[in-house]
Number of protein chains: 2
Amino acid sequence: MIGVVGGLGPYAGLDLVRKIFDETDARTDQDHLPVAMLSVPASIPDRTEFLLDKTDVNPAHRVADLIRQLESIGATVVGIPCNTVHAPPILDIVLADLAEAGSTVKLIHMITEVKHWIEEEHPVVKTVGVLATTGTCLAGVYKGVFESGGLAAVCPDEAAQQDVHDAIYDPAHGIKAQSGPATEQARKALLRAAQHLRERGAEAIVLGCTEIPLAITESELEGTPVIDATRVLARALVREAAPEKLRAEPGG
Amino acid sequence: MIGVVGGLGPYAGLDLVRKIFDETDARTDQDHLPVAMLSVPASIPDRTEFLLDKTDVNPAHRVADLIRQLESIGATVVGIPCNTVHAPPILDIVLADLAEAGSTVKLIHMITEVKHWIEEEHPVVKTVGVLATTGTCLAGVYKGVFESGGLAAVCPDEAAQQDVHDAIYDPAHGIKAQSGPATEQARKALLRAAQHLRERGAEAIVLGCTEIPLAITESELEGTPVIDATRVLARALVREAAPEKLRAEPGG
């Protein structure tokens, strides 16, 4: 069974589950893979706030608890649809907690999967623009993983990154406040930031916050490939759970 | 925590969870209610096939197992986004299994909630058209519940019901095979059936199969109110879990 740690945010969790279904070769209900999603957002401190030292509470412990709960009802492979959780100060603690608890779950690393995806699908790309939370950018989540593959990760400059942060978090127009559908203001800010990343040399853009695909659904922007990290994670989860059911072509 | 028995079908489970989020008054991740969804479709026989005697395996036992699993990770109030499961030959066994297992979960009855909704929101309506699976119609799922409230439930005639069945189940154009988005063929068949129900005297139409709101998202059709049973269930779950968080106006 595939386990999904939802709630980070809630709609991003749903988006991953939808993409797991979309990427599964299925014609009847019974063809679909077993999936459990736990969305318990109130108990998980904001990941970016932790990375920016605005809270001392590491969300890792709660995330590890949720993974253990998913395991208790049968999950064997788990995905966390939140890029910021993959920052080493958080993810390392999740992994340590799981090891200490004797967990045998296979946790899929979303950022590593994105690196493999770019290497396989876009082999000429060497510089990747990252649209993500300020926490993901400052913690170098993509930079750290990409370096080992000879890929460069570029984030927006400070002013442009503030616009991206607002597009995600603003209590009026941000995606976490309004995502069904996302506001035009959030979408436009993200498109401007994508253009800014291209000007900084990005040959591909990663949607590196799981809220962003709720506003940007294009697979390319003016010829630049757009990589949806949520969809890449969905495909990795299906591949691990039942490789024969992975759709040949990405769905959507 | 709200528990959702997903997988009946998979996208209908997701649709309920999305509507739980939509009906919650929330501006940040942390404002959202805890929700667990278990989608294990392969182990649950088709509900209509059981009601039509095409299989002896009552899906009730597996549904009760899943509710127990949701309870084991903290669910206290549970919804089953599948109208056909609410047929007494299935639901009565679910309830008996839960009682025998000592479950203390509060299971929300979707059809009763729809009856209350119509009584409160559409008090002049006396005859309700039901767009549902053949199993739901033949088992009189809505008829049985509505009678106690003085409401009449009308289903399509046999030929029109066959078209509804195909819109849900057809392996090429049916919603269970293709729901992201649903096909125009499925949508048109359902709209024709809705018109047929109006001709049979329906003053409101219930989308009484949780696949149907994936194809019909209108809140009225040519002036006739359309009641989405999934959204009614979502609101009932939020109300039970945290009444102060229920949105005043239905979202969408």
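Owing to the predicted nature of the structure, the values given are computational and were not obtained by experimental measurement.

In spatial order, the strands read β6-β5-β7-β9-β8 (chain B); together these five strands make up an open sheet with mixed pairing. For this open sheet the edge positions go to β6 (152-154) and β8 (220-221) of chain B, each flanked by a neighbour on one side alone.

Opposite the 40 residues of chain A that make contact, chain B presents 40 residues. Summed over both partners, the interface of chain A with chain B buries about 3,400 Å², with 52% contributed by carbon and sulfur atoms. Considering only the surface of chain A that becomes buried against chain B, Y11, R27 and D29 of chain A emerge as the three largest contributors, covering 20% of it. Remark: the boundary between chain A and chain B carries four salt bridges. For D29 of chain A, the salt bridge identified is with K176 of chain B, shortest N-O distance 2.7 Å. Counting across the interface, chain A meets chain B through 15 residue pairs in polar contact (both at pLDDT 80 or more).

All right, on to the packing of aromatic side chains then. Residues and elements named next belong to chain A. A full pass over the atoms with the stated rule returns four aromatic pairs over all chains. Aromatic side chains Y142 and F146 sit 5.3 Å apart centroid to centroid with 75° between the ring planes, which places their arrangement in the edge-to-face category. Pair noted here: Y142 and F146 are both in helix α7 (residues 141-147), with a separation of four residues, about one helical turn. Classification of Y142 by relative accessible area gives buried; the value is 2%.

Quick look at helix α8 (residues 158-169) of chain B now. All names here are of chain B. A rise of 1.5 Å per residue sets the reference length of α8, with its 12 residues, at 16 Å; its end C-alpha atoms lie 16 Å apart and thus fit the reference within 8%. Listing the buried residues of α8 in full gives A160, Q161, V164, H165, A167 and I168. The buried residues of α8 occupy one face: seen down the axis, they fall within an arc of 160°. Exposed residues pointing more than 90 degrees away from the buried face of α8 are listed as E158 and A159.

Looking now at the pairing of strand β9 (residues 224-228) of chain A. All names here are of chain A. Among the five residues that make up β9, five are buried, leaving the element largely enclosed by the rest of the structure. The side-chain alternation of β9 yields two buried faces, one formed by T224, V226 and D228 and the other by P225 and I227. Looking at chain direction, strand β7 (residues 204-207) and β9 are connected through three bridges and run parallel. Directly across from V206, in β9, lies its bridge partner I227. Looking at chain direction, strand β8 (residues 220-221) and β9 are connected through two bridges and run antiparallel. The partner of L221 across the bridge, within β9, is T224. Between β8 and β9, which pair antiparallel and follow one another directly, the connecting turn spans two residues, one of which, E222, has a positive phi of 45°.

Overall, the predicted model of chain A reaches an average pLDDT of 95, with 99% of residues at or above 70. Prediction confidence for the complex, expressed as pTM and ipTM, is 0.95 and 0.94 respectively.

Checked against the element boundaries, L14 of chain B lands in helix α1 (residues 10-22). It is 24 Å that separates the C-alpha atoms of L14 of chain B and L95 of chain B, two residues lying 81 residues apart in sequence. Beyond its immediate stretch of four places on either side in the chain, L14 of chain B contacts L14, V17, R18 and F21 of chain A together with M37 of chain B.

Residues and elements named next belong to chain A. On the surface, E119, E120, E121 and E249 cluster together into a patch of negative charge. Turning to its location among the elements, E121 is positioned in helix α5 (residues 110-121). Residue class for E121 comes out partly exposed when judged on its relative accessible area of 45%.

Moving on: the nonpolar core. I67, I80 and V94 of chain A together with I67, I80 and V94 of chain B are the most contacted members of the largest nonpolar core, which totals 178 residues. For I80 of chain B, the residues in contact, after removing those within four places along its chain, are V5, L8, V63, I67, V85, H86, L91, L107, M110 and L233 of chain B.

Criteria and thresholds
- Residues numbered from 1 in each chain as written.
- Chains lettered and ligands numbered in written order.
- Predicted model: local features only at pLDDT ≥ 70, side-chain atom pairs only at ≥ 80, totals over all residues.
- Heavy atoms only, no water.
- Pairing = 2+ DSSP bridges.
- Helix = DSSP H or I, 4+ residues; strand = E, 2+ residues; numbered from the N terminus.
- Contact = heavy atoms within 4.5 Å.
- Buried area = accessible area lost by both parts, 1.4 Å probe.
- Salt bridge = Lys/Arg side-chain N within 4 Å of Asp/Glu carboxyl O.
- Polar contact = N/O pair within 3.5 Å; in protein donor to acceptor, adjacent residues only side chain to side chain.
- Phe/Tyr/Trp six-rings, centres within 6.5 Å; stacked < 30°, edge-to-face > 60°.
- Buried < 20%, exposed > 50% of the residue type's maximum accessible area, 1.4 Å probe, protein only.
- Expected span 1.5 Å × (residues − 1).
- Arc of directions from axis to C-beta.
- pLDDT = per-residue confidence, 0-100.
- Patch = residues over 30% accessible without salt bridge, like charges linked within 9 Å, V, L, I, M, F, W, Y side chains within 5 Å.
- Areas by Shrake-Rupley, 256 points an atom, 1.4 Å probe, with all protein chains shown as cover.
- Lys, Arg positive; Asp, Glu negative; His and termini not counted.
- Charge placed at Lys NZ, Arg CZ, Asp CG, Glu CD.
- Core = buried A, V, L, I, M, F, W, Y, C linked by side-chain atoms within 4.5 Å.

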